Amino acid sequence: MLEVKMIAGKPVTRTVAAMPTPAGHYDLIVVGLGSAGSEALIVAAEAGLKVLGVDVRAAMGGNWTLGAINGAPKWPGNVPGRLAALERAAHKHGAELAYETSVAAAYRDGQRIVSLKILRNGIFRDVTANMFIDATGNATLALLAGANVRFGRVVDGAQFTVSRTYYVEHADSRMGPVYSGKCRSPNVPVAEQSAFATELAAGRLGFRNKRRVLVACPYIGAREEAGVETDVMLSFHECLFGPRCEKPVFTAWVPYDIHRISDRAFETEPSVNWEILCRMSPFAYPVSVPYEALIAKGVENLLVPSRHMGIDRDVLAGLRMVAEMQMSGKAAAAAVVVALKSRVSVRDVPYDELRKHLDRYNLARPLRQPHVGFYSKNEIAPFTDDQIIQALKRDIGNAVSWVFHRTPDDEDRSSYAYYSCWDVAERGSQERNSALRSKLVQAMHAEKRYSANYATALGIMGDPQAVDVLLEIVRNPGGERDPLVDYAYPNRLKAICLLGRIGPAEAVKPLVDIVADGGEKYTATLLKAKACDYSKYPGWVYPFDGRAEGYRFAAVSLAVVALDLLLKRHPDPGTAVRLREWAHDGKTAFPDEAQIKAIAQRLFERT
Amino acid sequence: MNLRRRTFIASAAASAASFRIGPIWAQTPKRSPSGIPVVAECETVFLGASAYALGAALKNPAKTVVLEQSLMLVPEFSGALLPNVLTAAEGEIATLVRERIEKEGLSGNGRYHAPPVSDVMSALVMHRKANLFLNANVADIRRAGRGFAVEIIGPDGYSTIAAERVIDTTPTAWRDAGAKAIKEKFFAAPLVGKPKGDLGRFATDKREVVPGALPGENILKVRLAADTDWHNARLALYDAFEKMVAEDDTFIIGGEATALGYLYREARTQATHLPGVVWHPGAQYPDLMNALTAGELCLKSK
């Protein structure tokens, strides 16, 4: 028997002769009663299981209640209504609740969790169960159970942002959430992070502005904390281009919404394609989550719904909203119900039987459409080659974001054209791939005005025929090719990124020049671009809002990543040394350049 | 990159927000014999971020650490919504808090608007460089030499705070040792809408509607037995609300308190349940200013 405790952020295991005498035994213990866990608790209790729910907070619902996310009246029920409904449902079905309670230790017998030691106000209690659900979102129990867990993005462990909400009454007696002044990156020092609360206290929300704060939400919303390795991991790439899971536990239609804008260069290649090269922010994609994405790898009796389930970080960027988390919780509980009633392990749950339970909650409903489309209700059919060529024959638009502009327009058609090129490169037939490339090359040479657009499209397809035009952009940025734009990445930034992937050795020098002067010359003319009226969107901060730092950050970060790739293909010891010196020189040409240099130190160390 | 949970939390200050605020926290924690890192050493550790504890911590930031199980500061006055009477400030810290409340427009009718006061306090914690650990569940309090080792569980697991003395300001005391000192509890919720007439007509021996600080602000207060837990408190609140709304549906509940309220049997409650650990519940004070001032003075005699 192993006893596992978390000490200094690491599971620490010791062998014990026997587990402590339990104070209670349950069919299922749900740890974490947020959006996913509260639904799991109620579904399982409703099905007649003896269930214990454990949470460090004093209520169920997590972001949906204590975080007041989606608290506006258009959503079903207001916050107290939801709290009451959850509490009454738990009461009705006899679920036991342990609020303000932490998991102090887990006891494992082989690959099974057999018991938990829980703690409330200094009082420990040992509880056993046949099955466990970790719905904490931060893998608290999965770590104690010995599962592998990922934290943040690969390059530096950065997470998506956190935010805090006040629930307010407006002057007209409507209720609704008011988000904190701005979303903060969690990848900043703790002291600055705690200044988050200070900002709120500084009256940003306009206490004097006829608004009454009903609740300062006792929960800080996380978009990302940890990811558990599960039997099957669902990737963003697979969602876009892979075979779709035919036996999902739930389906969803999700945007890619990472709330981190300025340092997207450091995200994965699919993420960079979606966000930077294609600018797909008005779009969403279908997700079919397989049951195995809820089963913690290497543990026999642990399911892991909520935002730490088996999806990669890119999928998490969209599949993290309350509704989807609730679905994941219901699905996990349904699987536990079937497993216990059929007396099989969680891995042997028959899908047909599970499906009956899933359908009760309409979880595995048919997808709205089987391919990428607009996040809003407007449908779009896959483009033909001619539609792609036509859509790229235009200036890059002035789209702000799907958050505000949900009506698809011409700018979005060009986004979809870039995405279509990526799609063809990934899974198009050989014939279509060749035909589209040759049309793009032809258009690139014939339509000088839009040659950068065509070159970008070719670059997304990984076609080296784009290189000459891309090099030309990087050497002589600006002019008609970059009429640009707020929010979107102009071609000169995309060209940096693409040269990293397909560029020749000659691309190294212009990219080093961009890094060396902190992107100043390279982005100077962008500042003359038409500015968006951000006063319409108070509280939102964009990287490309006409300030030099935003463009410079993007140029330098993209160049660093591109140089890392280029130098792997075209080793150049002198340049590598120079870049290492730059990364360690301690100087900053613009705010936040230090963040780029910290990452560059790691990248160029191995280069 | 091989990130451990602690590295991650330290760099990311994760959402679950094991916020360690203040300068005292050890960069390279010492290890206790049990392998649990000693993350801070101080003269006095306060259990519970009550106004009493924060009064002391803001006055003596270099000597104190405050441990709070939730993410809220002064939950007995901000989260519980009541009592919300704004009395005169005597001490330095109370004066600072009062000034900030007034500056933010959070007061009126001799009362203050409670929910944002948690953030008013957090601003002062930052400003005064007080040391605070949120999301900290106290697992053990042990004698260690001439002082104490306070073992806590946060999102990164076990840690230890070494202190010369421990002052417990939580409402029921550690391990609920002070539960019997509680006479009754209450739970509150702000009401939203334009009710027909005076809501005072809904008062019974179990519930009442009391005024808030802002014009037209009403707060529903439900009286509860001393042993009521969160689950039953919530059920009682919504039952009371539904009875009211059956008579007048022009208002709704606009949220619920984020802390329970407490009334104690004795006017001045203080006890020693653990040798050397004083229990002095912060929730026993009738108002915020008094609690801050008492806290401010509490380390003077030590």
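The model shown is predicted, which means the values in this text are computed figures rather than measured ones.

**Brief notes about the overall build of chain B**
Right, on to step 1. Across its full length, chain B holds six helices and 17 strands.
Right, on to step 2. A compact globule built from 302 residues should have a C-alpha radius of gyration of about 19 Å, and chain B, at 20 Å, falls within 12% of that.
Right, on to step 3. With respect to the principal axes defined by its C-alpha atoms, chain B has extents near 65 × 40 × 40 Å.
Right, on to step 4. Looking at chain B residue by residue over its 302 residues, the buried ones come to 61%.
Right, on to step 5. Across chain B, every contact between residues at least 6 apart in sequence was considered, and the portion connecting residues at least 24 apart equals 69%.

**Some points on the side chain of Thr-228 of chain B**
All names here are of chain B.
Right, on to step 1. If you trace the backbone, Thr-228 turns up in the loop between strand E13 (218-225) and helix H5 (230-247).
Right, on to step 2. Since its relative accessible area comes to 11%, Thr-228 is described here as buried.
Right, on to step 3. Of note is the side chain of Thr-228, whose polar atom sits 2.7 Å from the backbone oxygen of Ala-225.
Right, on to step 4. Excluding residues that lie within four positions of it along the chain, Thr-228 makes contacts with Lys-185, Ala-233 and Leu-260.

**Points about the side chain of Arg-153 of chain A**
All names here are of chain A.
Right, on to step 1. Examined against the element boundaries, Arg-153 turns out to sit in the loop between strand E9 (149-150) and strand E10 (162-169).
Right, on to step 2. In this structure Arg-153 comes out as buried when scored by relative accessible area, which is 3%.
Right, on to step 3. Reaching out from Arg-153, the side chain makes a polar contact with the side chain of Asp-156 at a distance of 2.7 Å.

**Some thoughts on the confidence of the model for chain B**
All names here are of chain B.
Right, on to step 1. Looking at chain B as a whole, its pLDDT mean stands at 87, while 92% of the residues score no less than 70.
Right, on to step 2. Ignoring residues within four places in sequence, the model shows residues 1-18, a span with pLDDT below 50, making 73 contacts including any to other chains.
Right, on to step 3. Taken together, the chains of this predicted complex give a pTM of 0.91 and an interface ipTM of 0.92.

**Some details on H5 of chain B**
Right, on to step 1. The first and last C-alpha atoms of H5 of chain B sit 26 Å apart over 18 residues, in line with the 26 Å expected at 1.5 Å per residue.
Right, on to step 2. Where H5 of chain B is buried, its residues touch helix H2 (79-92) and strand E5 (96-98) of chain A together with strand E11 (182-193), strand E12 (207-211), E13 and strand E14 (251-253) of chain B.

**A closer look at the packing of helix H3 (residues 92-103) of chain B against helix H4 (residues 117-128) of chain B**
All names here are of chain B.
Right, on to step 1. Running from N to C, H3 and H4 point in directions that differ by 125°, and their axes come no closer than 10 Å. Between H3 and H4, the interaxial angle falls into the category oblique. Between H3 and H4 lies a crossing of right-handed hand. Every residue of H4 that contacts H3 at Glu-92, Ile-93, Leu-96, Val-97, Arg-100 and Ile-101 is listed here: Val-117, Val-120, Met-121, Ala-123, Leu-124 and Arg-128.

Thresholds, definitions, all that
- Residues numbered from 1 in each chain as written.
- Chains lettered and ligands numbered in written order.
- Predicted model: local features only at pLDDT ≥ 70, side-chain atom pairs only at ≥ 80, totals over all residues.
- Heavy atoms only, no water.
- Helix = DSSP H or I, 4+ residues; strand = E, 2+ residues; numbered from the N terminus.
- Rg over C-alpha atoms; globule rule 2.2 N^0.38 Å.
- Buried < 20%, exposed > 50% of the residue type's maximum accessible area, 1.4 Å probe, protein only.
- Contact = heavy atoms within 4.5 Å.
- Polar contact = N/O pair within 3.5 Å; in protein donor to acceptor, adjacent residues only side chain to side chain.
- pLDDT = per-residue confidence, 0-100.
- Expected span 1.5 Å × (residues − 1).
- Axes fitted to C-alpha atoms, helices over the stretch in contact; angles between N-to-C directions.
- Parallel < 35°, antiparallel > 145°, perpendicular 65-115°, else oblique.
- Left-handed = near helix turned anticlockwise from the far one by under 90°.

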